[in-house]
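Chain residues, written in single-letter form:
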Amino acid sequence: MPDVLLLALLLAAVAIGWWLGRRDRSRYHDPAPSTPLARDYFVGLNYLLNDQQDRAIETFVAALEVNSETIETHITLGNLFRTRGEADRAVKIHQNLLARPTLTAIQSERVQLELSRDFLKLGLLDRAERLLHGLVRDTQDEEIRQSAKRLLVDLLEREGEWKAALDVALPQLVRQHDDIRRAAAHWLCELAEQERHTSSPALARRRLRQALATDGRCVRANLLLAGMEHDTGHYKQEIRLLKRIPDQDPAFAPTILEPLARAYRLLDDEEGLIQCLRELLERAPSTSVIILLAETLRQREGLQAAIDLVSEQLNRKPSLGAVDYLMDLYRHDGRGEPAERILLLKRHTDTLLKALPRHRCRRCGFAGEQLHWQCPSCRSWGTTKPITGIEGE
C-alpha cells in the first residue's frame, strides 16, 4: 500500500507540475509575480520527499485548480483517500468536483461512479444506490454503465435483494463474468430457499432449475432439489440428484454422504448403499467415504472387513482421519498392540483432528468448520469446499 500511495502522489505531483508549466508558458509575457499555486506545489513536493504523505496530499488538493486538464488528478487523489480508508475525505473531493459547471457529461458520470464507491465504502448504501441507478439508466457510455451495474449488483447482494440483483445482472453480466454467473445461481438458490419455506415448492423448483441452467456446476441447487424430494418421500429421486453432485464437483462428495445414507436406509437398501459408496470411492475418494463404507461393512460383514478396507485405502492414499478410524477399529479388535497404547494414540489424533478446519475457500484461504456457500471473508460464492489431503478428506 505505501508503494501505491507513493506512486499516486508522484503522479499527482507530475500532473500539477505539468499544468503549472503549461499555464506559465501561456503567461510568458505576463509580468505578474509568482503565484501561490507555484509555491504550494513546491511545498507539496517537499512534504513528499520528506515522507510526509498526508500533508503532501492535502497541499496538492488545495493547490490544484479544477478544470478539464486536472480532473483526472482530482479523481485519482479522491480514490487514493478511499483506498487509504478515508472515504469521507474522498467524498468531499468528489462532491466538490460534481459542483463544477465546467465538467463534461462523461466526466460528471465518472465522478458519480467514484462517489458511489465512496458511499459504498462508508456503508451509505441508499445514496450509492440512487447514484448507480441513475448511471445505469442515463449514461451513454457503455463502460460506465457496465461498471455501475457491477457496483449495483454488489450493493444489492449485500442487502439480500436477490431478485433485484438478478434483474440488473441478467443477461449481460452473467454471460460476461464467471463470478457473477456463479453468484447469480446462488441468488436463485436463496430465493428458492425462501419460497420452499413459504409453501411455494413449485416456484422453488423452478428457481433451482434456473440456477442449474445459469451455472451447471452449482452443487447447492442439486442439494436443495434432493432435499425437496426427501421432504415428499421420493427417496429414489433424491438419490439420483445426489449422485449428480460428484460429477459437478468431486470435492463435494463428503457433503452428500449423510443424506445419501439416510435415503438408502429409508428404502431399506443397504446393498445399494454399499455399491454406491464403492463407486463413489473410485470417482471421488475421500476419508468420509472410506469411513462410511467401512462402518457399513462392519455392521454387515464384521470388524475384519472394515479393517481390510481402511488398510487398503491407506496404502493408496494416506489420511489422518482414516488412521484415526483404523485405530478405533483396532481398539475394538482386542488383538495386536495393547488397547492402552492404541487408546493413547487415538487421543492424540482426536486432538489433531478437532483442531483442523473442515472447509476452506479456494480463493482467499478462509477456513472453518462450517460450509459457507458465500465466503465470509472474500464474499465469493461457491468457492468454499471440503479440505482434501492427508489432514482433510
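The rules behind these values
Residues numbered from 1 in each chain as written. Predicted model: local features only at pLDDT ≥ 70, side-chain atom pairs only at ≥ 80, totals over all residues. Heavy atoms only, no water. Helix = DSSP H or I, 4+ residues; strand = E, 2+ residues; numbered from the N terminus. Buried < 20%, exposed > 50% of the residue type's maximum accessible area, 1.4 Å probe, protein only. Contact = heavy atoms within 4.5 Å. Areas by Shrake-Rupley, 256 points an atom, 1.4 Å probe, with all protein chains shown as cover. UniProt positions renumbered as here; feature names shortened; annotations may be inferred. Expected span 1.5 Å × (residues − 1). Bend = angle between axes of the 7 residues up to and from the residue. pLDDT = per-residue confidence, 0-100. Pairing = 2+ DSSP bridges. Salt bridge = Lys/Arg side-chain N within 4 Å of Asp/Glu carboxyl O.

## Quick look at the overall build of the chain
- Within the chain, the secondary structure is distributed over 20 helices and three strands.
- Here the chain, with 393 residues, has 47% of them falling under the buried criterion.
- Pairs at least 24 apart in sequence give 52% of the contacts found in the chain among residues at least 6 apart.
- Element-wise, carbon and sulfur atoms account for 51% of the exposed surface of the chain, whose accessible area totals about 20700 Å².

## Here we look at the UniProt feature "binding site: Fe cation" (unreviewed entry) in the chain
- The sites that carry the UniProt feature "binding site: Fe cation" (unreviewed entry) are, in the present numbering, C361, C364, C375 and C378. These residues run over 18 residues, yet every pair of their C-alpha atoms falls within 8.7 Å of each other.
- With respect to the helices, strands and loops of the structure, C361 is situated in strand β1 (residues 359-361).
- Exposure remark for C361: the relative accessible area of 2% places this residue in the buried category.
- Every residue in contact with C361, bar those within four places of it in the chain, is listed here: F366, C375, C378, T383 and T384.
- Among the secondary structure elements, C364 is positioned in the loop between β1 and β2 (367-368).

## Quick look at the side chain of E195
- Within the fold, E195 resides in helix α11 (residues 178-196).
- On the basis of relative accessible area, E195 is assigned to the buried category, the value being 10%.
- Excluding its chain neighbours within four sequence positions, the residues that come into contact with E195 are S200, P201, L203, A204 and R207.

## A look at helix α15 (residues 253-266)
- Here α15 spans 20 Å end to end across 14 residues, near enough to the 20 Å set by a 1.5 Å rise per residue.
- In the structure, α15 departs most strongly from a straight axis at P259, where the bend amounts to approximately 30 degrees.
- Every buried residue of α15 is listed here: A253, P254, I256, L257, P259, L260, A261, A263 and Y264.
- Note on α15: the residue one or two positions beyond its end, D268, has a positive phi of about 55 degrees.

## Overview of the confidence of the model for the chain
- A residue-level look at the chain finds 75% of positions with pLDDT of 70 or above and a mean pLDDT of 82.
- Every residue in residues 24-38 scores below 50 in pLDDT, and together they form nine contacts with partners more than four places removed in sequence or on other chains.

## Observations concerning the sheet that holds β1
- Overall, antiparallel pairing links the three strands, which are arranged β2-β1-β3 in an open sheet. A single partner strand is all that each edge strand has here, and the edge strands are β2 and β3 (384-386).

## Re the pattern of salt bridges
- Within this structure, the stated rule accounts for 26 salt bridges.
- The salt bridge partner of R150 is D179, with a shortest N-O separation of 2.7 Å. Of this pair, R150 sits in helix α8 (residues 142-158) while D179 sits in helix α11, and the two are 29 residues apart along the sequence.
- Among the charged side chains, a salt-bridge network with shared partners connects R82, E114, R117 and D118.

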